[in-house]
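The lines below spell out each chain.
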Amino acid sequence: MAESVSGQFLGEGTYSTVTKDTERNVAIKTFKEARDPNAIQEICILKYLQHDNIVHVNSIHLDANGMWKLYMRLYSFDLSKDWRSYITNIHPVAVLCKIMHDVSSGIHYMHNNLVIHCDIKPHNILFDTNNMRAVITDLNLAVYNPQTMLSTRVQTSNYRAPEVDFSKKYGQFGYLIDIYSIGCVMYWLLTCERFVGIVDDDSTRGCCDALGLPMYSNRTERYFVLKSLMHHQLVTVLSERVN
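Residue indices follow the written sequence of each chain, beginning from 1 at its first position. Local features in this predicted model are restricted to residues of pLDDT 70 or higher, and side-chain atom pairs are both shown and tallied only at a pLDDT of 80 or more, whereas totals for entire chains, interfaces and linings draw on every residue. Computation of side-chain values covers all heavy atoms of the structure but excludes hydrogens and water.

## Regarding the packing of helix α2 (residues 92–112) against helix α4 (residues 176–191)
Stated formally: Axes here refer to lines fitted to C-alpha atoms; in helices the fit is confined to the stretch in contact. Angles between the N-to-C directions go from 0 to 180 degrees. Segments assigned H or I by DSSP are reported as helices when at least four residues long, segments assigned E as strands when at least two residues long, and all are numbered from the N terminus. If an angle is under 35 degrees, it is roughly parallel; if it is over 145, roughly antiparallel; if it lies from 65 to 115, roughly perpendicular; otherwise it is oblique. The criterion used for residue contact is that any of the two residues' heavy atoms lie within 4.5 Å. Amino acids outside the nonpolar list (Ala, Val, Leu, Ile, Met, Phe, Trp, Tyr, Cys, Pro) and the charged list (Asp, Glu, Lys, Arg) are all regarded as polar, and Gly is one of them.
Packing of α2 against α4 leaves a shortest axis separation of 11 Å and a crossing angle of 170°. Judged by the angle between their axes, α2 and α4 are roughly antiparallel. Within the contact between the two elements, α2 uses Leu96, Ile99, Met100, Val103, Ile107 and His111 and α4 uses Asp178, Ile179, Ile182, Met186, Leu189 and Leu190. For the contact of α2 with α4, the residue count by class is 10 nonpolar, one polar and one charged.

Written out as structure tokens, the structure is:
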């Protein structure tokens, strides 16, 4: 969902559009295809998950054309915007810490309930300046019970973990792909730049470029080099980039 500006249209994604109901002051997420299975999946997961840092659906409707509509509260902005411009009376570091606490809390709850979000990115994190709360939204790519349900249709390229592309043939991944994406979001919040600049069907290339590593000879070699990096090595590189 996008920023709640004046006017009816708020934003659009691959599977849905978001508009503003000015009379009821709510956001309406409408799926593009009639009786879209993505809508059914998102509705089921959202009804299953109940947490302060996960978006809450007020009501659900199926219109005469078979389009699912999800009615939700409006939020001040999403994190793809320049979030500092919306916060004027609180120190930016305090806001940053609150955002990361809320997102981490929401993801921790999801993982404890066997759900991988699979598309954490700034566009999918909303913030309410009135109660200073961040919430996670857009769960149409989420995977429930990943031990039995595998998929390759996950994560936006700039926020995609290396293991997703590396194991694309088998569609095997775990909860840590959300943690990787959270790290990329935090980098965005600190620098207003994307951590991964190279975008293609091989996220190991983007990670090596971001960390200043050689491209090596192939995807497999890049993946195992990235996997072998020690924590202190990552901290050193990332500190240099952020500073």
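## Some remarks on the sheet that holds strand β9 (residues 133–136)
Selection criterion: If DSSP finds at least two bridges between two strands, the strands pair.
Reading across from one edge, β6-β8-β9 is the order of the three strands in this open sheet, with antiparallel pairing throughout. Of all strands in the sheet, those with a lone pairing partner are β6 (77–78) and β9, marking the two edges. Relative to strand β8 (residues 125–128), β6 is paired through two bridges, and the arrangement is antiparallel. Bridged to Phe77 within β8 is Phe127. Contacts from α2 reach β8 and β9 within the one sheet, and its direction differs from that of β9 by about 35°.

## Describing the sheet that holds strand β4 (residues 57–62)
Ordered in space as β1-β2-β3-β5-β4, the five strands form an open sheet in which the pairing is antiparallel. A single partner strand is all that each edge strand has here, and the edge strands are β1 (9–12) and β4. Across this sheet, the average inter-strand angle for adjacent strands is 20°, counted without regard to direction. Bridge count between β4 and strand β5 (residues 68–73): five bridges; the pairing is antiparallel. Across the sheet, the residue bridging to Ile60 is Leu70, located in β5. Across the sheet, helix α1 (residues 37–48) lies against β3 (26–31), β4 and β5, angled at about 35° from β5, the strand it touches most.

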